[in-house]
Amino acid sequence: GNSVTQMEGPVTLSEEAFLTINCTYTATGYPSLFWYVQYPGEGLQLLLKATKADDKGSNKGFEATYRKETTSFHLEKGSVQVSDSAVYFCALSDPDDYKLSFGAGTTVTVRA
Amino acid sequence: DTAVSQTPKYLVTQMGNDKSIKCEQNLGHDTMYWYKQDSKKFLKIMFSYNNKELIINETVPNRFSPKSPDKAHLNLHINSLELGDSAVYFCASAPRPPREAFFGQGTRLTVV
């Protein structure tokens, strides 16, 4: 079946540091890939997405590239802010599957 | 105008009680989900509906019964609540696989 493996946290960074969260996936078909963010006490918001190989998703300074050869979709941001403190989830959706499969989530804390 | 809304946001109840959580989406999506998020933030699919039809029932105890009166609504009824049911429950909708899902704000259920 489909699965997502995500870098374990928690991750603590200083403001303006570089952030990378690794994500790899296993899928039988050609999935779409997503990063969701969950701020404290809130629901999940879509951060970015990529629907086919070599697509780059970007939003709010975050980027991730769909790499089929390495089955990866790593999230990066060049300079984090305190407001980026949240839980980040990597997810995939398969054309034949009526669900999103999520990674375990990575808690990121950015200190001023 | 909230896209996916669920009520209530907080629910505190005693063991053995029966409770319901309501979910409505105004996005015109065909697919709706219930996810459970545990204390470690792990997200697990519970149910998936497509056009009011149950597609996925992911080994959830039969004390949990979803009901979809129409495409815009997916309610969750829980009988005989147990301490282990304490979690955050998220409703979500999606236009069709493999598109991204839009999440409600969550219902924090506490069983005492």
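Throughout what follows, the structure given in this document is the object of discussion.

Remarks on the interface of chain A and chain B
So, step 1. Listed as interface residues are 21 residues of chain A and, on the opposing side, 24 residues of chain B.
So, step 2. Summing both partners gives a buried area of about 1,900 Å² for chain A against chain B, and 61% of it is carried by carbon and sulfur.
So, step 3. Together, L44(A), Y98(A) and K99(A) form the three largest contributors to the area buried by chain A at its contact with chain B, with a combined 33%.
So, step 4. Counting the contacts that link chain A with chain B gives two salt bridges.

Section: the nonpolar core
So, step 1. W35(A), F73(A) and Y88(A) are the most contacted members of the largest nonpolar core, which totals 26 residues.
So, step 2. At the level of elements, β2 (11–14), β3 (19–21), β4 (23–26), β5 (32–38), β6 (44–50), β8 (62–65), β10 (86–93) and β12 (106–111) of chain A are the ones that each hand at least two residues to this core.
So, step 3. The element best represented in this core is β10(A), accounting for four residues.
So, step 4. Once residues lying within four places of it in the same chain are set aside, the contact partners of F73(A) are C23(A), L33(A), F34(A), W35(A), L48(A), K49(A), A50(A), A64(A), T65(A), Y66(A) and C90(A).
So, step 5. Formed by 20 residues, the second largest nonpolar core is a distinct cluster that contains F47(B), Y49(B), I78(B) and L81(B).

What about unusual backbone geometry?
So, step 1. Cis peptide bonds are those with omega within 30 degrees of zero, and the linkage from G9(A) to P10(A) qualifies with -5°.
So, step 2. Position of P10(A) among the secondary structure elements: in the loop between β1 (3–6) and β2.
So, step 3. Cis peptide bonds are those with omega within 30 degrees of zero, and the linkage from T7(B) to P8(B) qualifies with 0°.
So, step 4. Tracing the backbone shows P8(B) in the loop between β1 (4–7) and β2 (10–13).
So, step 5. Positioned with a positive phi, T71(A) is a non-glycine residue whose angle comes to about 40°.

Quick word on the sheet that holds strand β9 (residues 75–77) of chain A
All names here are of chain A.
So, step 1. Pairing is antiparallel in the open sheet, where four strands are placed in the order β3-β9-β8-β7. Every interior strand has two partners, whereas the edge strands, β3 and β7 (56–59), have only one. Here the average twist between neighbouring strands, direction ignored, is 15°.
So, step 2. Both β3 and β9 contribute to a ladder of three bridges, which runs antiparallel. Bridging across to β9, I21 finds its partner in L75.

Some words on the environment of D18(B)
Residue and element names in this part refer to chain B.
So, step 1. Relative to the helices and strands, D18 is located in the loop between β2 and β3 (19–25).
So, step 2. Residue classification places D18 among the partly exposed positions, given a relative accessible area of 43%.
So, step 3. Sequence-wise, D18 and R63 are 45 residues apart; in three dimensions their C-alpha atoms are separated by 9.2 Å.
So, step 4. A distance of 2.8 Å separates a polar side-chain atom of D18 from the backbone nitrogen of S80.

Let's talk about the packing of aromatic side chains
So, step 1. Tallied over the full model, the rule gives twelve aromatic pairs over all chains.
So, step 2. Chaining the aromatic ring pairs together yields one cluster made of F34(A), Y36(A), F89(A), F102(A), Y33(B), Y35(B), F90(B) and F103(B).

What counts and how
- Here the residue numbering is sequential within each chain, running from 1 through the sequence in written order.
- Starting at A for chains and at 1 for ligands, labels are handed out in the order in which the entities are written.
- Only residues with pLDDT of 70 or above have their local features reported here, since the model is predicted, and side-chain atom pairs are shown and tallied only from 80 upward, although totals for entire chains, interfaces and linings are computed over all residues.
- No hydrogens and no water enter the side-chain calculation; it runs on all heavy atoms of the structure.
- In this analysis, two residues are considered to be in contact whenever any of their non-hydrogen atoms come within 4.5 Å of each other.
- Summed over both partners, the accessible area lost on bringing two parts together, with a 1.4 Å probe, is the buried area.
- What counts as a salt bridge is simple: a side-chain nitrogen of Lys or Arg found within 4 Å of a carboxyl oxygen of Asp or Glu.
- Nine residue types can take part in a nonpolar core, namely buried Ala, Val, Leu, Ile, Met, Phe, Trp, Tyr and Cys, and a core is a set of them joined through side-chain atoms within 4.5 Å.
- When accessible area is computed with a 1.4 Å probe and restricted to protein chains, residues below 20% of their type maximum are described as buried, those above 50% as exposed, and intermediate ones as partly exposed.
- Counting from the N terminus, the helices are the DSSP runs of H or I reaching at least four residues and the strands are the DSSP runs of E reaching at least two.
- A strand pair is defined by DSSP finding two or more bridges across the two strands.
- Think of each axis as a best-fit line through the C-alpha atoms, taken over the contacting stretch in the case of a helix, with angles from 0 to 180 degrees between the N-to-C directions.
- Any pair of N or O atoms that falls within 3.5 Å is considered a polar contact. Within protein, one atom must be able to donate a hydrogen and the other to accept it, and sequence-neighbouring residues count only if both atoms are side-chain atoms.
- Ring geometry is summarised as follows: Phe, Tyr and Trp rings, the Trp one being its six-membered ring, pair when their centres sit within 6.5 Å, and such pairs are stacked at plane angles under 30 degrees, edge-to-face over 60 and tilted between the two.

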